[in-house]
Amino acid sequence: MRTDTTTRTTTTAIAAVRNLGILAHVDAGKTTVTERILYLTGTTHKRGEVHNGTTVTDFDPQERDRGITIFAAAVSCAWAGHRINLIDTPGHVDFADEVERSLRVLDGAVAVFDAVAGVEPQSESVWRQAERHGVPRIAFVNKLDRAGADLDTALTSIRERLHPRPLAVQLPLGTEESFTGVIDLVHLRALTWDGDGTLTEGPVPDHLTAETTARRRALEEAVAELHPEALEEFCTHGALDATTLTAALRHLTRTGEAVVVLCGSAYRNRGIEPLLDAAVAYLPSPLDAPPARAAGEQQRQRAADPQQPLTALAFKVTAAPTGRLTYLRLYAGTLRKGDTVLDAATGRTERIARILRVMADRHTETDHALAGDIVAVIGPKSARVGATLCDPDHPILLEAPMSAEPVVTVAVEARRAADTDKLTAALARLAEEDPSLRLATDPETGQRTLSGLGELHLEVAVEKVRREAGVEAVVGRPQVALREALVEGVSGFVYRHAKQDGGAGQFAHIVLDVQVAGDGFAFTSAVTGGRVPREYAQAVEAGCRDALAEGPLGGHPVVGVAVTLTDGITHPKDSSELAFRTAARLGLREALRSARLQLLEPLAEVSVTVPEDALGAVLGDLAARRGQVQGTALGRDGAAQVSALVPLAELFGYAGRLRGRTQGRGTFTTRPAGYTPAPSLG
Ligand SMILES: Nc1nc2c(ncn2[C@@H]2O[C@H](COP(=O)(O)OP(=O)(O)OP(=O)(O)O)[C@@H](O)[C@H]2O)c(=O)[nH]1
Ligand SMILES: [Mg+2]
């Protein structure tokens with residue numbers, strides 16, 4: 001009886017959690033939306049601004065100086081009896097890995113759009129990223145106060161670029177400067193905000209009743225078309241009531257069949273309360289989310305049940321003044337203060353000394369946390385980003401979040417030789433927090449190198465080390481990560497590895513077909529009659545991977561290769577897995593030397609927004625950078641927009657150049673656009 005009540009209470013508690021991300025293109029207003037949410041939920045008592053460097057989630061000194069979000073920040077707040085764990089993510093493409101890790105632990109997201117610009121390239125990227133993770137979204141069209149803002153145009157751009165079914169549940173009251181509120185099409189009421197951002201609810205004004213009725217009707221029809229139960233009610237009663245509409249919209253949001261669209265102006269404090277209501281009403285709770293699955297074993301699942309063994313994923317690690325903070329998403333079980341947990345990948349155990357709920361700039365301690373929640377813990381010393389922490393008696397390993405491959409590398413050395421070790425240690429610690437940063441040593445020059453996702457990413461890392469560890473670094477010219485692609489293969493390539501120097505020898509004889517395929521690596525063994533045992537074939541595959549790490553053109557990774565092992569010979573005494581692996585490594589390396597390969601360089605899709613009078617200069621500059629202009633358009637606010645494909649190597653220093661050419665009025669964003677043949681270097 002008691003257990004029943006406890007179970008019911010915990011289930012209700014989990015159903016009232018929303019793990020929510022705020023996603024968008026750079027500058028759409030994510031941090032401002034987050035700031036207003038924290039204010040309205042009573043988490044903070046003043047509204048911070050990005051341009052003053054006073055927001056809660058952009059707390060890093062570099063975020064404040066640069067006016068952009070760099071690190072995803074997780075904060076908890078309460079709204080209408082629900083706990084909202086909110087992650088404000090960065091919009092700049094160099095920090096896309098932060099978004100990827102956040103998406104991994106979120107159950108729902110609010111995609112923010114600029115009402116003037118509509119769907120911008122990075123919004124599209126993060127939208128697809130969320131889609132890949134199966135994270136349901138609602139949309140918030142922000143900045144309705146700006147000149148040129150228009151909800152209908154934004155809806156069209158969502159329909160054309162993201163989703164065929166955006167369903168607006170609001171109608172703006174007034175436009176641009178005179179945007180004062182919205183009409184709630186679900187509850188048929190007007191919500192207006194005064195200059196302080198105080199909300200007043202009232203009836204729909206007379207002059208808008210006709211339009212409201214028409215838009216409500218259109219919403220009902222669109223919902224009925226997608227939702228069978230709504231359709232039934234619509235056919236029976238000729239209309240849908242607010243309860244049915246809400247339930248159907250919740251369902252359509254969770255299945256991804258439609259996207260609920262709201263609007264407002266975060267900066268002017270308008271539209272945030274209904275956004276919170278919508279997040280609670282339409283986005284899923286951890287109970288609705290799919291169960292956590294073990295890596296590589298889809299059947300092993302753990303549901304959001306506090307009675308199940310503890311299963312948690314560390315999605316963020318930061319070195320705070322209070323010590324090392326590890327952010328966890330709990331998928332199953334109950335985490336208690338003092339618990340010992342297992343880091344499933346390393347086999348180490350860690351003690352959870354304290355459990356914290358991060359409430360903006362302060363923490364509140366709690367003695368336990370339930371499945372479905374997001375909390376920060378103090379105690380774990382070695383668990384890295386992506387680690388699974390679980391019940392030591394019931395180990396499980398979850399899939400670690402994916403990390404993008406670095407595309408830009410710089411050589412770094414300490415300004416003072418005496419600081420060398422300190423610099424290496426500080427950079428290594430950063431790489432632990434951010435797996436998309438890689439620290440290595442150049443085998444030829446012996447120099448330390450740092451690789452990451454872009455120029456800004458590396459600049460931020462070096463600056464962070466300077467500020468936090470007090471080490472000045474000298475940074476070399478950025479280099480892009482090249483690849484070598486196979487364009488013409490070889491068949492029947494024979495390689496024999498035989499070594500006989502007393503004792504046990506090494507013998508392996510292999511025949512390889514090396515063909516062009518896709519953009520990765522594929523291996524098959526077509527050897528029949530057991531001429532090469534399975535373990536040896538696997539060793540050949542491993543040896544091929546070794547060989548592909550360094551291509552013949554310049555030691556870059558080789559891509560687009562399919563290797564088939566067509567035949568082989570073994571020796572009863574001297575053959576071993578090692579011998580076959582070595583044969584494959586040396587053999588494929590030699591085969592590649594006789595094949596034809598092509599050097600590839602990373603390409604970026606660049607969107608530049610400039611005043612019209614600077615367009616000519618910008619186009620000329622893009623051409624000089626080997627850019628291919630894809631299109632130009634005149635924006636609604638008199639600015640010209642150029643989209644172009646430009647080799648990443650040509651974009652170093654572009655920010656400064658663009659500022660110079662446009663007297664600081666031009667902006668640009670980039671996103672990865674794959675690889676393209678590099679000009680031959682002779
Ligand atoms: N006019 C207007 N400006 C806004 C609004 N919301 C945000 N801004 C401004 O837009 C700029 C960018 O806002 P942020 O909140 O930093 O945007 P963001 O999406 O967090 O940006 P990143 O984190 O760098 O990707 C700031 O100068 C804000 O003051 C709005 O509703 N109206
Ligand atoms: Mg931000």
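Residues numbered from 1 in each chain as written. Chains lettered and ligands numbered in written order. Predicted model: local features only at pLDDT ≥ 70, side-chain atom pairs only at ≥ 80, totals over all residues. Heavy atoms only, no water.

Caption draft 1: The confidence of the model for the protein chain, seen in detail. Per-residue pLDDT for the protein chain has a mean of 91; in total, 98% of the residues score no lower than 70. Summarising per-element confidence for the protein chain, the mean pLDDT is lowest in helix 1 (residues 2-15) (76) and highest in strand 11 (residues 259-263) (98). (pLDDT = per-residue confidence, 0-100. Helix = DSSP H or I, 4+ residues; strand = E, 2+ residues; numbered from the N terminus.)

Caption draft 2: Up close: the coordination of the magnesium ion (ligand 2). Bound to the magnesium ion (ligand 2) are the protein donor atoms Thr-31 (OG1) and Thr-69 (OG1), situated 1.9 Å from the metal. Placement of the pair is Thr-31 in helix 2 (residues 30-40) and Thr-69 in the loop between helix 3 (61-66) and strand 2 (73-79), with a sequence separation of 38 residues. (Donors = N, O, S within 2.8 Å, 3.2 Å for Na, K, Ca; no water.)

Caption draft 3: Spotlight on the pattern of salt bridges. What the rule picks out here adds up to 47 salt bridges. In this structure, Arg-165 engages Glu-225 in a salt bridge whose closest nitrogen and oxygen atoms are separated by 2.6 Å. Placement of Arg-165 in the loop between helix 6 (151-161) and strand 6 (166-168) and of Glu-225 in helix 7 (residues 209-226) is noted, with a sequence separation of 60 residues between them. In this structure, Glu-488 and Arg-596 form a salt bridge, with 3.4 Å as the shortest nitrogen-oxygen distance. A residue pair is termed long-range when its members are at least 10 positions apart, and Glu-488 in strand 29 (residues 483-488) and Arg-596 in strand 35 (residues 596-611) qualify at 108 residues. The exposure class of Arg-596 is partly exposed, given its relative accessible area of 49%. Through salt bridges with shared partners, a single ionic network connects Asp-97, Glu-98, Arg-101, Lys-316 and Asp-434. (Salt bridge = Lys/Arg side-chain N within 4 Å of Asp/Glu carboxyl O. Buried < 20%, exposed > 50% of the residue type's maximum accessible area, 1.4 Å probe, protein only.)

Caption draft 4: Up close: the packing of aromatic side chains. Summed over all chains, the structure comprises 4 aromatic pairs. With a centroid separation of 4.9 Å and an interplanar angle of 80°, the aromatic rings of Tyr-654 and Phe-668 are classed as edge-to-face. A residue pair is termed long-range when its members are at least 10 positions apart, and Tyr-654 in helix 16 (residues 654-661) and Phe-668 in strand 38 (residues 667-677) qualify at 14 residues. Overall, the relative accessible area of 1% leaves Tyr-654 in the buried class. The exposure class of Phe-668 is partly exposed, given its relative accessible area of 27%. The ring of Trp-127 carries Arg-137 above its face, with NZ or CZ at 4.6 Å from the centroid. Over the face of the ring belonging to Phe-71 we find Lys-464, whose NZ or CZ atom lies 4.8 Å from the ring centre. (Phe/Tyr/Trp six-rings, centres within 6.5 Å; stacked < 30°, edge-to-face > 60°. Lys NZ or Arg CZ within 6 Å of the ring centre and 35° of its normal.)

Caption draft 5: Focus on the nonpolar core. Of all hydrophobic cores here, the largest spans 79 residues; its most connected members are Val-33, Ile-138, Val-223 and Leu-249. Tallying contributions element by element places helix 10 (residues 272-282) first for this core, with 8 residues. Setting aside residues no more than four positions away along its own chain, Leu-249 makes contact with Leu-167, Val-169, Val-186, Val-223, Val-260 and Tyr-282. Formed by 39 residues, the second largest nonpolar core is a distinct cluster that contains Leu-423, Ala-431, Leu-651 and Leu-658. (Core = buried A, V, L, I, M, F, W, Y, C linked by side-chain atoms within 4.5 Å. Contact = heavy atoms within 4.5 Å.)

Caption draft 6: Fine view of the pairing of strand 37 (residues 639-647). With respect to burial, strand 37 is a largely interior element, 7 of its 9 residues being buried. Relative to strand 37, strand 35 is paired through 9 bridges, and the arrangement is antiparallel. Note on strand 37: the bridge partner recorded for Val-610 is Ala-640. Of the pairings in the sheet, the one linking strand 36 (residues 628-634) to strand 37 comprises 6 bridges and is antiparallel in character. Note on strand 37: the bridge partner recorded for Thr-632 is Val-642. (Pairing = 2+ DSSP bridges.)

Caption draft 7: Quick peek at the sheet that holds strand 6. The sheet built from 7 strands is open, its strands ordered 2-3-1-4-5-11-6 with mixed pairing. Unpaired on one side and paired on the other, strand 2 and strand 6 mark the two borders of the sheet. Each strand of the sheet is rotated relative to its neighbour by a mean of 30°, with strand direction disregarded. The sheet contact formed by strand 5 (residues 137-142) and strand 11 spans 3 bridges and is parallel. Each bridged residue has a counterpart across the sheet, and for Ala-139 the counterpart in strand 11 is Val-261. (Axes fitted to C-alpha atoms, helices over the stretch in contact; angles between N-to-C directions.)

Caption draft 8: Representation of the environment of Ala-239 within the structure. Relative to the elements of secondary structure, Ala-239 occurs in the loop between helix 8 (228-237) and helix 9 (242-255). Under the relative-accessibility criterion, Ala-239 is labelled partly exposed at 29%. Expressed as a C-alpha distance, the spacing of Ala-239 and Arg-216, which sit 23 residues apart in the sequence, is 9.7 Å. Setting aside its immediate chain neighbours within four residues, Ala-239 contacts Glu-220, Glu-233 and Phe-234.

Caption draft 9: Summary view of unusual backbone geometry. At Lys-143, a residue that is not glycine, the phi angle is positive and equals roughly 65°. Mapping Lys-143 onto the fold places it in the loop between strand 5 and helix 6. Even without a glycine there, the phi angle at Asn-269 is positive, about 65°. Structurally, Asn-269 can be placed in the loop between strand 11 and helix 10.

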